[in-house]
Amino acid sequence: MLPETGVLDTETITKMAAPRCGMPDRKTSTPNLAVPDMYETFNKWPKDTFTWKILNFSPDMPENEQRIAFERAFNYWHEVTNIEFSEVSRNAKADFELGFGPFEHGCGYPFDGPGGTLAHCFYPEDGRAHFDEDETWTEGSDDGTNLRIVAAHELGHGLGLSHSEVPEALMAPWYQGYTSFEEFRLPDDDVRAIQSLYGESNLTQKQFRSEIVLITIFENSQFKFFNFSI
């Protein structure tokens, strides 16, 4: 977060213009007062098993790549807790509903075109996550806006996390840029935040990543060799 100086300086103007989440930066009901500049939580779901579905896809990426990006976004939170996620069909009822739309897209919180607000997701127990179709969504590239990273941030809100005051945290308000799937790990602030709501995982990140690699290979119906540094 920027220091409070009372001056509209260049750093402040630059940060204000940076791509970011559409959820407000507000103090919530359960701030962590023991450690300053840390995570905050809003509220949680009264369960730890969730369903999700994709309402529509972006034309920017193949549908299968978008599905994998969302799966991995959910898995970032699963691998450090014991919460479970499973995808259901578009016609089924789901806890989380993911979709794309431009400007006014039906929820009363319109997007603003390219840049600016990238996405938003409502707090429990709503679960609607919307992504601005005027962005260029990508994976595996520094170009455009990374769908996996943005989705992971928004799903953090959907699970009950507010914005963090730690600049390096996934739940910081501003888009953090691209990091590959192999390299990305939830920062400690985000891990502490989600575990404060849903507890710790019984599965180490290394074990979990090994399972995700095998699942991805199976889903793509092809064999690849990976050299992951975990």
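Small disclaimer: the values here were computed from a predicted structure and weren't measured.

## Comments concerning the pattern of salt bridges
A full pass over the atoms with the stated rule returns five salt bridges. In this structure, the salt-bridge partner of K47 is D95, at a minimum N-O distance of 2.7 Å. Remark: D95 occurs in the loop between β4 (84–87) and β5 (96–101) and K47 occurs in the loop between β2 (40–41) and β3 (49–54); sequence separation between them is 48 residues. We classify K47 as partly exposed; its relative accessible area is 35%. With a closest N to O distance of 2.6 Å, E139 and R148 form a salt bridge. On the basis of relative accessible area, R148 is assigned to the buried category, the value being 0%.

## Thoughts on the packing of aromatic side chains
A complete count under the given rule lists 18 aromatic pairs for this structure. Each ring, one from F100 and one from F131, has its centre 5.6 Å from the other, and the planes form 40°; the classification is tilted. With F100 in strand β5 and F131 in strand β7 (residues 128–132), this residue pair connects regions lying 31 residues apart in the sequence. As far as burial versus exposure is concerned, F100 and F131 are alike and both buried. Consider the rings of F131 and W137, whose centres lie 5.8 Å apart with planes at 85°: the pair is edge-to-face. Per residue, the accessibility class of F131 equals that of W137, and both read buried. Through a chain of ring-to-ring contacts, the aromatic side chains of W45, F50, W52, F74, F85, F96 and Y198 assemble into a single cluster.

## Focus on unusual backbone geometry
The amide bond that connects P124 to the next residue, E125, takes the cis arrangement and shows omega of 5°. If you trace the backbone, E125 turns up in the loop between β6 (119–121) and β7. Even without being glycine, F103 reaches a positive phi, approximately 40°. Classification of F103 as partly exposed rests on a relative accessible area of 46%.

## Examining helix α4 (residues 188–198)
Buried within α4 are the following residues: D189, D190, V191, A193, I194, L197 and Y198. Elements in contact with the buried residues of α4: β2, β3, α2 (63–78) and α3 (147–159). Of the residues one or two after α4, G199 is the one with positive phi, at around 85°.

Parameters at a glance
- Residues numbered from 1 in each chain as written.
- Predicted model: local features only at pLDDT ≥ 70, side-chain atom pairs only at ≥ 80, totals over all residues.
- Heavy atoms only, no water.
- Salt bridge = Lys/Arg side-chain N within 4 Å of Asp/Glu carboxyl O.
- Helix = DSSP H or I, 4+ residues; strand = E, 2+ residues; numbered from the N terminus.
- Buried < 20%, exposed > 50% of the residue type's maximum accessible area, 1.4 Å probe, protein only.
- Phe/Tyr/Trp six-rings, centres within 6.5 Å; stacked < 30°, edge-to-face > 60°.
- Contact = heavy atoms within 4.5 Å.

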